[in-house]
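Each chain, written out:
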Amino acid sequence: MFKATKIREDIYWVGALEWEERYIHGISMPYGSTNNAYLILDEQVTLIDTCIGSHAHEVIERIADVIDPAKIDIIVSNHSEKDHAGSIGAILEAAPHAKVVTSIKGEPILRTYYGERDYLPMKTGDTLSIGKRTLHFIQTPMVHWPDNMVTWSPFDKTLFSNDAFGQFIATSKRFDDEVDLSVVLACAKKYFANILAPYTKQTAKAVEAVEGLDLDTIAPAHGVIWREHISDIMSLYKELCACRPEDAAVVVYSSMYGSTERMATTITEAFMAQGVAVRQYDMDISDISDIITDVFLAKYVALGSPTHNMTVLPPMGEFLTYFKGLAPKTKDRIGISFGAYGWMDAAQKEIAAVFEKAGYALPMASFAEDWNDTAAGERELFDAVTSLVEEARR
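Just so it is clear, the structure is predicted and the values come from calculations on it, not from any experiment.

This part covers the environment of F137. Structurally, the position occupied by F137 is in strand β13 (residues 134–139). For F137, a relative accessible area of 1% translates into the label buried. In this structure, the C-alpha to C-alpha distance between F137 and M263, residues 126 residues apart in sequence, is 53 Å. Discounting residues that sit within four places of it in the chain, F137 has contacts with V76, V101, M122, K123, T124, G125, D126, T127, L128, M149, V150 and T151.

Structure below.
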């Protein structure tokens, strides 16, 4: 039995809780996830977003806890990705006369899913009266698909923000002041770094577009609803959108027989000796989405692997693929390539090429030792990293 939760007068949360979900396109979700959907009772009953198709029954049953689903007049699809729009077909079976409101660029996507329907495409500035409420639509392209938009209800001082301001977290509580704020903000930061990072300029424009609205509530499509800490999530987004690197380092490595691991530890110790906040990750046991969260605001990133079959070890190869799509696109980032090799230092050159393409500076040459690290090499590497930090601070 699935029950709705009242979040404002005549507005109900009718979403789906994914308690067991742990992974989606590269991102780990240790707290699970939510697909939030919101039901507005007005002259025209309106549903804001749906959920992934496998949980359609949950959303429909929560709606039925409030009203007969057949009475839904409007379905607003703020974003066509299937974790938000994957249940529209099931909702339309339950509410066959409902019209689907979507963005200009969302309409053709939904047509590929559901064919010819009664679509109402919206652009920024368009409005829709549903009774005593008039919904306002603002396009937020590339946050994080071209079709994204948000829906604002001035009557309720509520912004239905879809992916913006969301977090991957499943909780029995619906609001930000009912859970540990530090956990929610950490989840929001991880969400941003792993989903919105390539689109910081577009996200900054979206934040600018909505921060002037009269808001008491921000209702995202994932995670808890913001009502007490709106200023905190806005401040976090402004900080992340600025994408200014901090005096921090991330050292990531994959090792075969221990040589590259010892190099990684030497690099980490050198950063520590210089007072640089640093995290070290072994790719054999570490999660790529946690690493990227730290990488997002780190000035220094060191990546190491031995050469194996003329390339990097598979765990580092996985990380490099992920890094290519999410590497911060700002200046003042410094990369370090390192690792052991046998007859050719191919892995270190491959890592350096990835750094260069991502826009990272490489002030020191790739550090590679033949077969095994040495005490002399360890001193050389430690001193090189020390000099690099000292020079960067001048």
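Before going further, it helps to examine the sheet that holds β13. One open sheet accounts for 5 strands, arranged β12-β13-β14-β15-β16; its pairing is mixed. Each end of this open sheet is capped by a strand with a single partner; those strands are β12 (127–129) and β16 (217–220). Strand-to-strand, the axes of this sheet are offset by a mean angle of 20°, without reference to chain direction. Here 4 bridges tie strand β15 (residues 158–162) to β16, and the two strands are oriented parallel to one another. Paired with L159 across the two strands is I218, which belongs to β16.

This brings us to the sheet that holds strand β8 (residues 45–48). Taken in spatial order, the 7 strands line up as β1-β2-β7-β8-β9-β10-β11 in an open sheet, and their pairing is mixed. Single-partner strands in this sheet number two, and they are β1 (5–8) and β11 (119–122). Each strand axis lies, on average, 25° off the axis of its neighbour in the sheet, ignoring direction. Relative to strand β7 (residues 38–40), strand β2 (residues 11–13) runs antiparallel, the two being bridged by 3 bridges. Bridging across to β7, I11 finds its partner in I40.

Further remarks concern the packing of aromatic side chains. Inspection of every chain in the model, using the stated rule, returns 12 aromatic pairs. For the ring pair F323 and F355, a centre distance of 5.9 Å and an interplane angle of 85° mean the geometry is edge-to-face. Taken together, the residues F323 in helix α10 (residues 314–326) and F355 in helix α11 (residues 346–357) connect sequence positions 32 residues apart. Given the relative accessible area of 0%, F323 is considered buried. An angle of 45° between the planes, with centres 5.2 Å apart, marks the rings of F355 and Y360 as tilted.

The subject of this paragraph is the packing of helix α5 (residues 181–196) against helix α7 (residues 230–242). At a closest axis distance of 11 Å, the pairing of α5 and α7 adopts a crossing angle of 35°. Seen from above, α5 lies across α7 with right-handed handedness. When α5 is examined against α7, the residues L181, L185, A188, K189, F192 and L196 are found in contact with a partner set consisting of D232, I233, L236, Y237, L240 and C241. Looking at the contact of α5 with α7 residue by residue, the classes come out as 10 nonpolar, no polar and 2 charged.

A separate point is a nonpolar patch on the surface. Residues M310, W343, M344 and W371 make up a contiguous nonpolar surface patch of roughly 570 Å² in combined accessible area. Of note, W343 is situated in the loop between β20 (334–341) and α11.

This part takes up helix α8 (residues 259–273). The terminal C-alpha atoms of α8, which comprises 15 residues, lie 21 Å apart, in line with the 21 Å expected from a rise of 1.5 Å per residue. Here α8 has its buried residues at S259, T260, M263, A264, T266, I267, T268, A270 and F271. Looking at the buried residues of α8, the elements they touch are β17 (246–253), β18 (277–282), β19 (298–304), β20, β21 (367–370) and α12 (375–393). Phi turns positive one or two residues past the end of α8, at G275, with a value near 75°.

All right, on to the pairing of β20 then. Burial of β20 is extensive: 7 of the 8 residues sit out of reach of the surface. Bridge analysis of β19 against β20 gives 5 bridges, and the strand direction is parallel. Across the sheet, the residue bridging to L303 is S337, located in β20. For the segment spanning β19, α10 and β20, crossover handedness is right-handed. Across 4 bridges, the pairing between β20 and β21 is parallel. Among the inter-strand pairings, A340 is bridged to a residue of β21, identified as E369.

Turning our attention to the nonpolar core. Core analysis: the largest hydrophobic core is formed by 63 residues, its most contacted members being F165, F319 and F323. Those residues in contact with F319 that sit more than four places away from it in its chain are M283, I288, I291, I292, V295 and L303. Formed by 24 residues, the second largest nonpolar core is a distinct cluster that contains A4, V45, L92 and A98.

Conventions we followed
Residues numbered from 1 in each chain as written. Predicted model: local features only at pLDDT ≥ 70, side-chain atom pairs only at ≥ 80, totals over all residues. Heavy atoms only, no water. Helix = DSSP H or I, 4+ residues; strand = E, 2+ residues; numbered from the N terminus. Buried < 20%, exposed > 50% of the residue type's maximum accessible area, 1.4 Å probe, protein only. Contact = heavy atoms within 4.5 Å. Pairing = 2+ DSSP bridges. Axes fitted to C-alpha atoms, helices over the stretch in contact; angles between N-to-C directions. Phe/Tyr/Trp six-rings, centres within 6.5 Å; stacked < 30°, edge-to-face > 60°. Left-handed = near helix turned anticlockwise from the far one by under 90°. Nonpolar A, V, L, I, M, F, W, Y, C, P; charged D, E, K, R; others polar. Patch = residues over 30% accessible without salt bridge, like charges linked within 9 Å, V, L, I, M, F, W, Y side chains within 5 Å. Areas by Shrake-Rupley, 256 points an atom, 1.4 Å probe, with all protein chains shown as cover. Salt bridge = Lys/Arg side-chain N within 4 Å of Asp/Glu carboxyl O. Expected span 1.5 Å × (residues − 1). Right-handed = clockwise from strand over helix to strand, strands pointing away. Core = buried A, V, L, I, M, F, W, Y, C linked by side-chain atoms within 4.5 Å.

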